[in-house]
Amino acid sequence: MFLVNFVYDDEELLEPYEWQDDDCFEEFYYLPIYYVSLEQLHDFIYAQLCIDDLEDSIFIVSDGHYSVVIEMRDERIYRRGTVNLLQRDVINDIIKTLGMTYFEYRIIEEAYEKEFGLTRDERLKKICLEEVIDEIFVVHYELFLEICEQLNIKEEGPSEKYLALKHKIEKGYSSLHELLYQELVQKG
């Protein structure tokens, strides 16, 4: 049996350590498993694919290390899902007995790759923080300048200051992110 945590095609996959009680879980007693190349797995995870002549179905694709559950509707990826780590190990054992499958598809659109190492909460806070910084740059420029001064951003023009601040929060999630989140979002 597979317990799958689904997200819709425009949402990021949730790793088992990020699962919450209110996620979209479904149980399956059987799902076809396909061994695919790392490149195809990447496309299944990060792209909106169209696979002509593929009926609505749910299946697992794996490169032998990572696996993702795919739900196809109308020849497009409708939802993606993850399984828990024990189930992933079972899938990896099965993959060792399978030949490689090659899917013919068209990439309609690609998404940004997920920044690994961040928790669900950190990713959501970071997205919110980035949106708030964009807003204060346009709507509350005085507050933006005050933040730049506090963070010792000395670039000349407004665009340069904006890019320098965005660069400071581009990677990871640190105490700076948390401080800015508390000051700009929670108090805002």
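The sections below set out a description of the structure shown in this document. Keep in mind that this is a model prediction, so the values were computed, not measured. Throughout this document, residue positions are counted from 1 along each chain, in the order its sequence is written. It should be noted that, the model being predicted, local features are given only for residues of pLDDT at least 70 and side-chain atom pairs only at 80 or more, the latter also being counted only at that level, while totals for whole chains, interfaces and linings use all residues. Neither water nor hydrogens contribute to the side-chain values; these are computed over all heavy atoms in the structure.

The next thing to look at is the state of the cysteines. The criterion for a disulfide is a pair of cysteine sulfur atoms lying within 2.5 Å. This model, assessed by the stated rule, comprises zero disulfides. Cys 128 provides the cysteine sulfur closest to Cys 148, a residue in no disulfide bond, and the two sulfurs are 18 Å apart. Think of it in three bands: with a 1.4 Å probe and only protein chains considered, a residue is buried below 20% of the maximum accessible area for its type, exposed above 50%, and partly exposed in between. The exposure class assigned to Cys 148 is buried, which follows from its relative accessible area of 1%.

In this scheme, patches are assembled from residues that exceed 30% relative accessible area and form no salt bridge. Like charges are connected within 9 Å, while nonpolar side chains (Val, Leu, Ile, Met, Phe, Trp, Tyr) are connected within 5 Å. Methods summary: accessible areas were calculated by the Shrake-Rupley approach with a probe of 1.4 Å, and residue burial reflects only the protein chains presented. Only one rule defines a salt bridge in this text: a Lys or Arg side-chain nitrogen within 4 Å of an Asp or Glu carboxyl oxygen. Charge counting follows a simple rule: Lys and Arg are positive, Asp and Glu are negative, and His as well as the terminal groups are ignored. In this description, the location of a charge corresponds to atom NZ of lysine, CZ of arginine, CG of aspartate or CD of glutamate. A surface patch of negative charge is lined by Asp 9, Asp 10, Glu 11 and Glu 109. By the criteria applied, helices consist of DSSP H or I runs no shorter than four residues and strands consist of E runs no shorter than two, each listed in order from the N terminus. Along the chain, Glu 109 turns up in strand 8 (residues 106-110). For Glu 109, a relative accessible area of 56% corresponds to the exposed category.

It is worth spelling out the packing of helix 4 (residues 141-150) against helix 5 (residues 158-168) at this point. Running from N to C, helix 4 and helix 5 cross one another at 60°; their axes reach a closest spacing of 11 Å. Taken together, helix 4 and helix 5 sit at an angle that is classed as oblique. Note that helix 4 runs across helix 5; the crossing there is left-handed. Residue-level contacts link Tyr 141, Phe 144, Leu 145, Ile 147 and Cys 148 of helix 4 to Pro 158, Lys 161, Tyr 162 and Leu 165 of helix 5. Classification used: nonpolar for Ala, Val, Leu, Ile, Met, Phe, Trp, Tyr, Cys and Pro, charged for Asp, Glu, Lys and Arg, polar for all others including Gly. Residue classes in the contact of helix 4 with helix 5 are distributed as eight nonpolar, no polar and one charged. Think of each axis as a best-fit line through the C-alpha atoms, taken over the contacting stretch in the case of a helix, with angles from 0 to 180 degrees between the N-to-C directions. To sort the angles, those under 35 degrees are grouped as roughly parallel, those over 145 as roughly antiparallel, those from 65 to 115 as roughly perpendicular, and the leftovers as oblique. In this scheme the crossing of two helices becomes right-handed for a clockwise turn of the near helix relative to the far one and left-handed for an anticlockwise turn of less than a right angle. For this analysis, residues touch if any pair of their heavy atoms sits within 4.5 Å.

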